[in-house]
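Coordinate inspection notes
Here is how the chains run, residue by residue.
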Amino acid sequence: MKSHEAPVEVRGETLFETRVPTDLEIKTPLAIRIGSELLARGLIDEGEREKIEIAFEEAIKNAMVHGNRENQDLAVTVRVFCYGEGWGVAVQDQGEGFSEKVIVDAGHPEFPWMDHGRGIHLMRHLMDSVEYFCGGRQVVLLRKRSGG
C-alpha cells in the first residue's frame with residue numbers, strides 16, 4: 001500500500017463523479033452504480049462485478065465512518081475514471097486523514113474477530129493497487145481492464 005501526502009494527480013477520463021452526504025444508506029447503491037458504470041463500458045465483466053463492488057463499498061464506508069466520523073454535515077466525493085490499460089475509483093472524505101500505522105496486521109491472531117480493520121485488506125485483495133493521498137483522506141483503487 002502506498003501513501004502520499006499530496007493530492008492525487010487527476011488522470012484519465014472521468015466516467016462518473018459525484019459528491020454524496022455522509023449517510024451509510026447510500027454506500028451500497030453508490031457501489032452498485034459504480035459497478036454498473038464499469039460494466040456498461042466493458043471495463044469489468046459480470047463475473048467480477050460483485051467482488052469489485054465490495055471494494056467500493058469498503059472505500060465509501062471507510063470514508064464515511066472513519067474519515068467523516070459519520071458527521072452528516074460532511075460529504076464524500078467519488079470519481080470513477082479510466083486511463084491507458086486500466087480504470088480506477090477515487091474516494092475522498094473531509095476528515096482528518098489517517099496513518100498506515102493504524103492498519104491492523106492481517107496476521108494478528110485476533111484479526112478475524114475484530115470489528116474494524118478488514119476493509120483495507122479486502123480492498124487490497126480485490127484491486128490491483130490501493131493508494132492513499134492527502135494524508136489518508138483520499139483512497140484510489142486501481143485495476144487493469146478485464147482481459148487486459
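Use the structure listed above.
This text gives an overview of the structure that appears in the document. (Residues numbered from 1 in each chain as written. Predicted model: local features only at pLDDT ≥ 70, side-chain atom pairs only at ≥ 80, totals over all residues. Heavy atoms only, no water.)

A short note on the nonpolar core
Quick note on the threshold: Buried Ala, Val, Leu, Ile, Met, Phe, Trp, Tyr and Cys residues form a nonpolar core when they are joined through side-chain atoms within 4.5 Å. To sort residues, take the accessible area from a 1.4 Å probe on protein chains only and compare it with the maximum for the residue type: under 20% means buried, over 50% means exposed, and anything in between is partly exposed. Think of it this way: any DSSP run of H or I at least four residues long counts as a helix, any run of E at least two long counts as a strand, and we number them from the N terminus. Residues are treated as being in contact if the distance between any of their heavy atoms lies within 4.5 Å.
With 31 residues, the main nonpolar core has I34, L38, F56, V78, W87, V91 and L141 as its most contacted residues. At the level of elements, β2 (13-21), α1 (27-40), α2 (46-67), β3 (75-83), β4 (86-92), α3 (118-126), β5 (129-133) and β6 (138-144) are the ones that each hand at least two residues to this core. In terms of residues, this core owes the most to one element, α2, which gives seven residues. Apart from the residues lying within four places of it in its own chain, the contact partners of L141 are A55, F56, A59, W87, G88, V89, M123, M127, S129 and V130.

What about the pairing of β3?
Put simply, the rule reads: A pair of strands counts as paired when DSSP detects no fewer than two bridges linking them.
Of all nine residues that make up β3, seven are buried, and the element is covered over most of its length. Across eight bridges, the pairing between β2 and β3 is antiparallel. Counted as the bridge partner of E17 is R79 from β3. Where β3 meets β4, seven bridges bridge the pair, whose relative direction is antiparallel. Residue pairing for β4: V80 is matched across the bridge by V89. Between the end of β3 and the start of β4, which pair antiparallel, lie two residues, with G84 showing a positive phi angle near 40°.

Remarks on α1
Defined as follows: The span expected for a helix works out to 1.5 Å for each residue beyond the first. Note: the arc covers the axis-to-C-beta directions of the helix.
Taking 1.5 Å of rise per residue, 14 residues should cover 20 Å, and α1 covers 20 Å from first to last C-alpha, within 8% of that figure. Among the residues of α1, those classed as buried are K27, L30, A31, I34, G35 and L38. Along the axis of α1, the buried positions cluster into a sector of 140°, meaning they face one direction only. Phi for G42, located one or two positions after α1, is positive at around 75°.

Points about the sheet that holds β5
Taking strand neighbours across the sheet as the criterion, the six strands line up as β1-β5-β6-β4-β3-β2 in an open arrangement whose pairing is mixed. The open sheet has two edge strands, β1 (2-3) and β2, and neither has a second partner.

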